[in-house]
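Coordinate analysis (summary)
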Amino acid sequence: MGFIDTLKERAKANVKTIVLPETEDKRTLAATEKILKEGIAKVILVGNEEAVKKSAAEDGYDISGAQIVDPATSEKTQGYIDKLVELRQKKGMTPDQAKEILLNQYLYYGVMMVKMGDADGMVSGACHSTADTLRPCLQILKTKPGTKLVSAFFLMVVPNCEYGANGAFVFADSGLNQNPTSEELAAIAASSAESFELLVQEKPIVAMLSHSTKGSAKHADVDKVVEATKIAKEQNPELALDGEFQLDAAIVPSVGASKAPGSEVAGKANVLVFPDLDAGNIGYKLVQRLAKAEAYGPVTQGIAKPVNDLSRGCSADDIVGVVAITAVQCQADDNK
Ligand SMILES: CC(C)(COP(=O)(O)OP(=O)(O)OC[C@H]1O[C@@H](n2cnc3c(N)ncnc32)[C@H](O)[C@@H]1OP(=O)(O)O)[C@@H](O)C(=O)NCCC(=O)NCCS
Ligand SMILES: CC(=O)OP(=O)(O)O
């Protein structure tokens, strides 16, 4: 069974309701058919019912099992407007603005459905940039209790790969925090270890990546990762975590043994924490495109409820995979 198939099976064991607001995108409709057919989740689509059904029918997608909610006619819309005003009035949100947003921006509507408990989670981002997808989530849902920072990772599944957990890795932050401080990198490392454990069900081994291994290069960028490693170790003494490492020292056993002898992480890492978003975003796309890896995300962590993003380059199958991941995150939240 493939790695993502295992996650789909876990999702099916306790079916969650996931809202997909991007009904203008055909990949959403194709994914909806697959999700319903495989029984991975219940799906709520946001949009005008007639228009959504017509669009699906044009391409022969069977979305008959999905619930379609139209913000213009739903009896819940006024409650969402009132709540949005309550949540954002300190930021100057008026009832008219909230109404305008919720009737026209389906991403905001989907986030409000999750906030109000009418859906368990949301997946969006096939036709919206990550910034536009994550901004409403951050504004409305906020961070999980006990967490200061929301960050975003990719679950990478590399074919025919002996590194990581049989080719499975978490790459973070590959989607959200542009230039994290040492403290933020330490927080990203801790959240990523937790996400790896939840999704891959193996022990996380965390490498703090750099262009330097254990002092081989000198630069302020290296110092940032060295400091992050120190903070992360202090805050999470139980974690297998080390750095600073170049990528080869982190994942290739022979290189790890030669560049960082004695490290419990070098050569064995399955959670890769990148020094900034340039490295994280470019890194995941290189592995996805050149090594033909499956890349699921950006998946958020540290947020109050599971809402996840997609790359605009995603396929319908990628959406299905991220929905399965979101459903498993919803199950985990139930158990807390
Ligand atoms: C997501 C992003 C848009 C947020 O930045 P922004 O639009 O400037 O918005 P703000 O900084 O005003 O943040 C909006 C809200 O989210 C909160 N927020 C932003 N980043 C956060 C984080 N990492 N964790 C927790 N909360 C966060 C802010 O506190 C703010 O809350 P408030 O409105 O209640 O005060 C920005 O971080 C971004 O563009 N990231 C890069 C995304 C990207 O292009 N990725 C590459 C492709 S994957
Ligand atoms: C993750 C990512 O790069 O997203 P997008 O392609 O939407 O910018």
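Residues numbered from 1 in each chain as written. Chains lettered and ligands numbered in written order. Predicted model: local features only at pLDDT ≥ 70, side-chain atom pairs only at ≥ 80, totals over all residues. Heavy atoms only, no water.

**Some remarks on the overall build of the chain**
- Counting secondary structure elements, the chain contains 13 helices and 11 strands.
- Against the globule reference of 20 Å for 336 residues, the chain gives a C-alpha radius of gyration of 20 Å, in line with a compact fold.
- The C-alpha extent of the chain, read off along each of the three principal axes, is 65 × 45 × 35 Å.
- A sequence separation of at least 24 residues applies to 72% of the contacts in the chain between residues at least 6 apart.
- Accessible surface, the chain: about 14800 Å² in total, of which carbon and sulfur atoms supply 49%.
- Charged side chains of the chain number 36 positive and 45 negative; the gap between the two group centres comes to 2 Å. (Helix = DSSP H or I, 4+ residues; strand = E, 2+ residues; numbered from the N terminus. Rg over C-alpha atoms; globule rule 2.2 N^0.38 Å. Contact = heavy atoms within 4.5 Å. Areas by Shrake-Rupley, 256 points an atom, 1.4 Å probe, with all protein chains shown as cover. Lys, Arg positive; Asp, Glu negative; His and termini not counted. Charge placed at Lys NZ, Arg CZ, Asp CG, Glu CD.)

**A word on helix 9 (residues 220-235)**
- Across its 16 residues, helix 9 extends 22 Å between first and last C-alpha, which sits within 8% of the 22 Å expected from 1.5 Å per residue.
- Packed against the buried residues of helix 9 are helix 8 (182-200), strand 7 (205-209) and strand 8 (240-245). (Expected span 1.5 Å × (residues − 1).)

**A closer look at the site of ligand 1**
- Close contacts around ligand 1 come from 18 residues, with Arg88, Lys91, Arg135, Lys142 and Gly175 the closest.
- Arginine 88 is positioned with one of its side-chain polar atoms (N or O) 2.8 Å from an oxygen atom of ligand 1.
- Contact distances for ligand 1 include 2.8 Å between an oxygen atom and a side-chain N or O atom of lysine 91.
- For ligand 1, the protein covers 64% of the area, taking 940 Å² as the surface of the free molecule. (Near = heavy atom within 4 Å. Polar contact = N/O pair within 3.5 Å; in protein donor to acceptor, adjacent residues only side chain to side chain.)

**Observations concerning the confidence of the model for the chain**
- Chain-level pLDDT for the chain is 96 on average; 100% of the residues reach the 70-or-more range.
- Scored by ipTM, the complex comes to 0.96, with pTM at 0.95. (pLDDT = per-residue confidence, 0-100.)

**Examining the packing of aromatic side chains**
- Summed over the entire model, instances satisfying the criterion amount to 4 aromatic pairs.
- The structure contains a cluster of three or more aromatic residues connected by ring pairs, namely Phe169, Phe171 and Phe274. (Phe/Tyr/Trp six-rings, centres within 6.5 Å; stacked < 30°, edge-to-face > 60°.)

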